[in-house]
Amino acid sequence: MNQAALLSVKNLSLGFKSRNTTNAVLHDISFDVLANEIVGIVGESGSGKSVTNLAVLGLLPQKSVDISSGEILFEGADLLNYSTQELQEIRGNAISMIFQEPMSSLNPSMRCGKQVTEILQRHKKLSAQEAKTETLNLFEQVKLPRPASVFKAYPHKISGGQKQRVAIARAVITRPVLLMADEPTGNLDRENSQILLKLMVDLKAKFQQSFLIATHDQSILEIADRVLHLKDGKIERKN
């Protein structure tokens, strides 16, 4: 029996409206992400890989995006039919996003630990001490050096690779079934990129999570179960 897809994007075509015309960006995109699977979307700048990720979570500007066809099925339900409130309930719970620039998701005026514990206290109703203990454990699991120091540090006091790991910890803390990443290694050197990709493999194994990773980094071929190659908004090939 074929395994049911966790995420299934079917014949998705969309563009952005500009005055009296629509500029097509994606053309009939179809792919699946199965449970406990890493899928990479590889392409150069402008290929449509990031737009694909943002479309799944409903993060494209509603006033300018024009979805002309397709479905985005998550656990069998079409996210394109979801209200903004319904999508907000899914984001950060069932699906989380890891952005290229960690400062897009990290608050520069809040200590790193607090940015994770507040999510735990909101979603899991833990006490402050319980949330701190779980956050420190997770900081260890995402291979942050000196977790206690990072917990108390502000984002600008730690390295880029460490910021990205804090952002990952923030994304996985609620144990979403699908983690999406947009150029997660884009601002990292080769060594830190390899560490981060290995971390995703470890998280997949430990938490049985799926990943959808949009990147131009060909290193994704080393860890992905499947890879989609995008060019000019079309799937050029799959492997």
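Quick note: structure is the one above.
Parameters at a glance
Residues numbered from 1 in each chain as written. Predicted model: local features only at pLDDT ≥ 70, side-chain atom pairs only at ≥ 80, totals over all residues. Heavy atoms only, no water. Buried < 20%, exposed > 50% of the residue type's maximum accessible area, 1.4 Å probe, protein only. Helix = DSSP H or I, 4+ residues; strand = E, 2+ residues; numbered from the N terminus. Pairing = 2+ DSSP bridges. Axes fitted to C-alpha atoms, helices over the stretch in contact; angles between N-to-C directions. Contact = heavy atoms within 4.5 Å. Salt bridge = Lys/Arg side-chain N within 4 Å of Asp/Glu carboxyl O. Phe/Tyr/Trp six-rings, centres within 6.5 Å; stacked < 30°, edge-to-face > 60°. Lys NZ or Arg CZ within 6 Å of the ring centre and 35° of its normal. Expected span 1.5 Å × (residues − 1). Core = buried A, V, L, I, M, F, W, Y, C linked by side-chain atoms within 4.5 Å. Right-handed = clockwise from strand over helix to strand, strands pointing away.

> Help me understand helix α1 (residues 49-56), please; the structure alone is not making it clear to me.
At 3.6 residues per turn, the α-helix brings residues three or four places apart onto the same side. When you tally the buried positions in α1, you get six out of eight residues, the bulk of the element. Residues of α1 that are buried: K49, V51, T52, N53, A55 and V56. G58, located one to two residues past α1, shows a positive phi value of around 65°.

> Help me out: how do you make sense of the sheet that holds strand β3 (residues 38-42) in this one?
Picture the strands of a sheet paired through backbone hydrogen bonds; they go either parallel or antiparallel. The mixed open sheet is built from six strands, whose spatial order is β6-β7-β8-β3-β9-β10. Each edge of the sheet is formed by a strand with only one pairing partner; in this case those strands are β6 (95-98) and β10 (234-238). Taken pair by pair, the neighbouring strands of this sheet meet at an average axis angle of 20°, ignoring direction. Strands β6 and β7 (178-182) of the sheet are contacted by helix α6 (residues 160-172), whose axis makes an angle of about 170° with β6.

> Sorry, what's going on with the pattern of salt bridges here?
Side-chain pairs of opposite charge can arise whenever the charged atoms involved come near each other. Within the structure shown, the criterion is met by eight salt bridges. Linking E183 and K49 is a salt bridge whose minimum nitrogen-to-oxygen distance equals 3.5 Å. Here E183 is found in the loop between β7 and α7 (190-207), whereas its partner K49 is found in helix α1, with 134 residues between them in sequence.

> Any chance you could explain the packing of aromatic side chains here in plain terms?
When we look at a pair of aromatic rings, we describe it by the centre distance and by the angle of the planes. Per the counting criterion, the structure on display carries one aromatic pair. Over the face of the ring belonging to F207 we find R175, whose NZ or CZ atom lies 4.1 Å from the ring centre.

> Sorry if this is basic, but what is going on with the sheet that holds strand β4 (residues 65-74) here?
An order of β2-β1-β4-β5 is seen for the four strands of this open sheet, with the pairing classed as antiparallel. Each edge of the open sheet carries a strand with a single partner, namely β2 (21-34) and β5 (77-78). Packing of α1 onto the sheet brings it into contact with β1 (5-18), β2 and β4, and relative to β1 it is tilted by some 110°.

> Hey, could you run me through α6 in this one?
Between its first and last C-alpha atoms α6 spans 19 Å; for 13 residues at 1.5 Å apiece the expected length is 18 Å, and the two agree. Across the 13 residues that make up α6, a large majority, 11, are buried. G161, Q162, K163, Q164, R165, V166, A167, I168, A169, A171 and V172 are the residues of α6 that are buried. Each element contacted by the buried residues of α6 is listed here: β6, α3 (112-124), α4 (128-141), α5 (147-152), β7 and α7.

> Mind showing me how you'd approach the nonpolar core here?
Side chains that are nonpolar tend, in soluble globular proteins, to be buried together. Counting residues in each nonpolar core, the largest one holds 38 residues, and the members touching the most others are F139, V166, I168 and I213. Those elements that provide at least two residues to this core are β3, α3, α4, α5, α6, β7, α7 and β8 (210-215). The element contributing the most residues to this core is α7, with six residues. The contact partners of F139, leaving out residues within four places of it in the chain, are C112, G113, V116, L144, P147, V150, F151, V166 and A169. Ranked by size, the runner-up nonpolar core spans 30 residues in total, among them L6, L14, F31 and I90.

> How should the pairing of β8 be read in this particular structure?
Here is the key point about a regular strand: its side chains alternate between the two faces of the sheet. Counting buried residues along β8, six of its six residues qualify, which places the element largely inside the surrounding structure. Residues of β8 alternate between two faces, with S210, L212 and A214 on one and F211, I213 and T215 on the opposite face, all of them buried. Sheet topology places β3 next to β8; five bridges connect them, and they run parallel. Looking at the pairing, V42 lines up with T215 of β8. In this structure, β7 lies alongside β8, joined through five bridges in parallel fashion. Looking at β8, one finds that D182 is bridged to A214. At this point the chain moves from β7, through α7, to the parallel β8, and the crossover so formed is right-handed.

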